[in-house]
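If you want the building blocks of each chain, they are given just below.
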Amino acid sequence: MKNSIPTHVGIIMDGNGRWATRRGLVRSAGHQAGYDRLKKTALYILHKGVKYLSIFAFSTENFKRSKEEVDFLMNLFCTGFGKEKDFFRENDVKVVFSGRDKPLSKKLMKIMDELEDYTKDCKAGILNICLNYGGQAEIVDASKKIALLVKEDKLNIEDITEETFYKYLYNDLPPIDLLIRTSGEIRISNFMLYSLSYAELVFTSTCFPDFDEKEFDACLEDYQNRNITKGSVK
Ligand code: FPP
C-alpha cells in the first residue's frame, strides 16, 4: 500500500542562479523566475492535501553573496510579500516566517509581520518561509528560550522531551515527512535540522524555476512508494 500524502513537506529551492546563467541571463532573473514558480507550485502542493510547506528562501550564509544579489533578493521579498497579501489570503494560505531578525531591515520585518497577521486565520495550509534562517541557530535559539524559562521557574527540566522541543523552535510545526532539494545538490545545508530527523529525502536535478506540478508529483510518487520506518533503529 502507498504511503499517504505527507503532512509536512520541506523544499530547498536551489538552482536559480544556474537556471539563469544557462540561459545567458543575470542571476537575479533566476531568483525572479524562482519566485514566480514558488507561487504556483506552493499552491499546488498545499491544495494537494499537504498541510505544511516549509521553504528555504534565504539562509544566514546567503548574506555573504554579492551586495547586488542580496539587495535584489531583499527587494524581491519586500515587494513580493507586500504585493502578495491578497494572493495568500484568497487562497486561504497562512504564512509564517522562521529565522533570526538581525540584520534584516526594519522595513522588511514590518512587511513580514503584516503578512503573518493578514493571513493568520487562513486554514487551507501553512507556508513556513525560512528567511535569514539557519538550522543550528534555530536549535540554539530554542535552547536559549528553554534555559530562560527554566531559570524563571516557568518550565521543569523533566518536561523537556524530543516531542516538546518542537514548541520552542521558531514555529511549532510537526516534523518534516518529505524533504525535496532541487538542482542536483545532495546536501541538507543547515535546513530545519531538528524537524528533518526522520524525513524522507528526495533530490532532483531540476532547477527550482522549472520545479512544476509534474516535478512535484514525481517526488510525491517516490515518497509514496517508499518503505517508511519512522523512528525505527534500522
Ligand atoms: C538558491 O539558488 C536560491 C536562493 C538563495 C533564493 C531562493 C529564493 C527564491 C526562490 C525566491 C523566493 C521568493 C520568496 C518571496 C519566498 P542559488 O542562487 O543558490 O542557485 P545556484 O546554486 O544555481 O547558484
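The rules we used
Residues numbered from 1 in each chain as written. Predicted model: local features only at pLDDT ≥ 70, side-chain atom pairs only at ≥ 80, totals over all residues. Heavy atoms only, no water. Core = buried A, V, L, I, M, F, W, Y, C linked by side-chain atoms within 4.5 Å. Buried < 20%, exposed > 50% of the residue type's maximum accessible area, 1.4 Å probe, protein only. Helix = DSSP H or I, 4+ residues; strand = E, 2+ residues; numbered from the N terminus. Contact = heavy atoms within 4.5 Å. Near = heavy atom within 4 Å. Polar contact = N/O pair within 3.5 Å; in protein donor to acceptor, adjacent residues only side chain to side chain. Areas by Shrake-Rupley, 256 points an atom, 1.4 Å probe, with all protein chains shown as cover. Nonpolar A, V, L, I, M, F, W, Y, C, P; charged D, E, K, R; others polar.

(A) View of the nonpolar core. In terms of nonpolar packing, the biggest core is built from 42 residues, with Ile11, Leu53, Phe77, Phe81, Leu108, Leu131 and Ile180 touching the most fellow members. When residues in this core are grouped by element, the largest group, 7 residues, is from helix α3 (residues 67-83). For Ile11, the residues in contact, after removing those within four places along its chain, are Ile45, Leu53, Ser54, Ile55, Phe56, Leu179, Ile180, Phe191, Phe208 and Phe211. Core analysis: the second largest hydrophobic core is formed by 12 residues, Tyr170, Met192, Leu196 and Ala199 among them.

(B) Unusual backbone geometry, seen in detail. Put simply, Lys102 and Pro103 share a cis peptide bond, and its omega is 5°. Examined against the element boundaries, Pro103 turns out to sit in the loop between β3 (93-98) and α5 (106-118). Of note in the backbone geometry, Asp92 takes a positive phi value of approximately 60° without being a glycine. Residue classification places Asp92 among the partly exposed residues on the basis of a relative accessible area of 30%. Even without glycine at this site, Ser183 takes up a positive phi of about 85°. Relative to the helices and strands, Ser183 is located in the loop between β5 (178-181) and β6 (200-203). The exposure class assigned to Ser183 is buried, which follows from its relative accessible area of 7%.

(C) Examining the site of the ligand more closely. Around the ligand, 16 residues are found, and the nearest of them are Asp14, Gly17, Arg18, Arg27 and Arg65. Take Asp14: an N or O atom from its side chain is 3.1 Å from an oxygen atom of the ligand. Contact between the ligand and Gly15: an oxygen atom at 3.3 Å from a main-chain N or O atom of the residue. Relative to its free-state accessible area of 620 Å², the ligand is covered by the protein chains to the extent of 92%. Elements supplying a minimum of two residues to the shell around the ligand: α1 (16-22), α2 (27-47) and α3. Considering each element in turn, the shell around the ligand owes the most residues, 5 residues, to α2. Along the lines of polarity and charge, the residues of the shell around the ligand split into 6 nonpolar, 6 polar and 4 charged.

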